[in-house]
Amino acid sequence: MGPPDLKQRFEEIYTAHYPDILAYVRRRTDSHDDAADALAETFTTAWRRVADIPGGSKARLWLYGVARRVLANGRRAESRRSELVERLGAQLALWAEAAGPVGADDLDAVREAFRRLNPDDRETLALVSWEGLSSEEVATVLGCSRGAARLRLHRARKRLANELHVAGLDLARYGSRAVALTKGRT
């Protein structure tokens, strides 16, 4: 865990300043979970940098500074997540509008066709369609060459198109984008 003197110093700092830092983060967060996360990250940083913590009453001020940065990082991350959710929601609304009315039966049939594919095909299609990865990136994830990844993707798309055809789904109804996805033109 570290030299006994550093461990003892951390324990002394933790014991002396835990209540103050807890109160600081609790006043600045909306939930107990967020406060606990910020507190844990603050003291994790303190443990890693115990040799850098000033002595005496300045240790508490140093911890406040760390907690302040931890909270600011958390707010920035939450803001990015919120912006992403809004952006994805807008994209999904546009896609749904462009696709036209889709019945529950159609969605169930698509899901079932996808489930009938083997796991490798599902993973390959998901990496491209859901995660937005390129063939080169898919190759890295799957641990194969770029050519092999393209071939796997081509075959997976063919098998999906066949499963959709067997299910009686007319992809043309959903526009050229849907047809292109099963034929490898994105």
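The rules behind the values
- Along each chain, numbering runs from 1 in the same order as the chain's sequence is written.
- Given that the model is predicted, a residue must reach a pLDDT of at least 70 before its local features are reported, and side-chain atom pairs must reach 80 or more before they are shown or counted; all residues, however, enter totals for whole chains, interfaces and linings.
- With hydrogens and water set aside, each side-chain value is computed from the structure's full complement of heavy atoms.
- Between buried and exposed lies partly exposed: a residue is buried under 20% and exposed over 50% of the maximum accessible area for its type, with that area taken using a 1.4 Å probe on protein chains only.
- In DSSP terms, a helix is any run of H or I states spanning at least four residues, a strand is any run of E spanning at least two, and both are numbered starting from the N terminus.
- Two N or O atoms count as a polar contact when they lie within 3.5 Å, although within protein this holds only if one can serve as hydrogen donor and the other as acceptor, and sequence-adjacent residues are included solely when both atoms are side-chain atoms.
- Patch members must show over 30% relative accessible area and no salt bridge, and they are joined within 9 Å when carrying like charges or within 5 Å when they are nonpolar side chains of Val, Leu, Ile, Met, Phe, Trp or Tyr.
- The method behind every accessible area is Shrake-Rupley, applied with a 1.4 Å probe, and residues are considered shielded solely by the protein chains displayed.
- Put simply, a salt bridge is a Lys or Arg side-chain nitrogen that is within 4 Å of an Asp or Glu carboxyl oxygen.
- For the charge count, each Lys or Arg is scored as positive and each Asp or Glu as negative, with His and the chain ends excluded.
- Taken as the charge centre is NZ of Lys, CZ of Arg, CG of Asp or CD of Glu, depending on the residue.
- Pairing of aromatic rings covers Phe, Tyr and the six-membered ring of Trp, with a centre-to-centre limit of 6.5 Å; geometry is then stacked below 30 degrees between planes, edge-to-face above 60, and tilted otherwise.
- Two limits define a charge over a ring: the Lys NZ or Arg CZ must be within 6 Å of the ring centre, and within 35 degrees of the ring normal.
- Any two residues whose heavy atoms approach within 4.5 Å are treated as being in contact.
- As a rule, the C-alpha atoms of each element are fitted with a line to give its axis, helices using only the stretch in contact, and angles between N-to-C directions run from 0 to 180 degrees.
- In what follows, roughly perpendicular refers to angles from 65 to 115 degrees, roughly parallel to angles under 35, roughly antiparallel to angles over 145, and oblique to any angle outside these ranges.
- A crossing counts as left-handed when the near helix is turned anticlockwise from the far one by less than a right angle, and as right-handed when that turn is clockwise.
- For this classification, Asp, Glu, Lys and Arg are treated as charged, while Ala, Val, Leu, Ile, Met, Phe, Trp, Tyr, Cys and Pro are nonpolar and the rest, including Gly, are polar.

**Digging into helix H5 (residues 119-129)**
For step 1, the next point in the chain: Taken together, the buried positions of H5 are Asp121, Thr124, Leu125, Ala126, Leu127 and Val128.
For step 2, the next point in the chain: At the N-terminal boundary of H5, the capping side chain belongs to Asn118, with an oxygen 3.0 Å from the backbone nitrogen of Asp120.

**Observations concerning a positive patch on the surface**
For step 1, the next point in the chain: A grouping of Arg27, Arg28, Arg68, Arg69, Arg75, Arg76 and Arg80 is seen on the molecular surface, where their side chains present a positively charged patch.
For step 2, the next point in the chain: For the positive patch, the element with the most residues is helix H3 (residues 58-99), which contributes 5 residues.
For step 3, the next point in the chain: Structurally, Arg76 can be placed in helix H3.

**Structural notes on the packing of aromatic side chains**
For step 1, the next point in the chain: Tallying each qualifying case throughout the model produces 7 aromatic pairs.
For step 2, the next point in the chain: Measuring from centroid to centroid gives 5.3 Å for Phe10 and Trp47, while their planes differ by 80°, and the two rings are edge-to-face. Pair noted here: Phe10 is in helix H1 (residues 4-27) and Trp47 is in helix H2 (residues 32-48), with a separation of 37 residues, a long-range link.
For step 3, the next point in the chain: When its relative accessible area of 14% is taken as the criterion, Phe10 is described as buried.
For step 4, the next point in the chain: Classification of Trp47 by relative accessible area gives partly exposed; the value is 26%.
For step 5, the next point in the chain: Measuring from ring centre to ring centre gives 4.8 Å for Tyr14 and Phe43, while their planes differ by 70°; the resulting arrangement is edge-to-face. Separated by 29 residues along the polypeptide, Tyr14 in helix H1 and Phe43 in helix H2 bring together distant segments of the chain.
For step 6, the next point in the chain: Feature note: the residues Phe10, Tyr14, Tyr18, Phe43 and Trp47 constitute an aromatic cluster, connected by ring pairs.
For step 7, the next point in the chain: Looking at Arg28, its charged tip hangs above the ring of Tyr24, at a distance of 3.7 Å from the centre.

**Some details on the side chain of Thr29**
For step 1, the next point in the chain: Along the chain, Thr29 turns up in the loop between H1 and H2.
For step 2, the next point in the chain: Within the local environment of Thr29, its side chain forms a polar contact with the backbone oxygen of Val25, the two atoms lying 2.9 Å apart.
For step 3, the next point in the chain: Those residues in contact with Thr29 that lie beyond four places of it in its chain are Asp34, Ala35 and Leu71.

**Here we look at the packing of H5 against helix H6 (residues 135-142)**
For step 1, the next point in the chain: Taken N-terminus to C-terminus, the directions of H5 and H6 make an angle of 135°; their axes are 10 Å apart at the nearest point. Regarding the angle of H5 to H6, the classification is oblique. Note on packing geometry: the crossing formed by H5 with H6 is right-handed. Contact with H5, carried on its side by Glu123, Thr124, Leu127 and Val128, involves Val138, Val141 and Leu142 of H6 and no other residues of that element.
For step 2, the next point in the chain: Each residue belonging to the contact of H5 with H6 can be placed in one class, and the counts come to 5 nonpolar, 1 polar and 1 charged.

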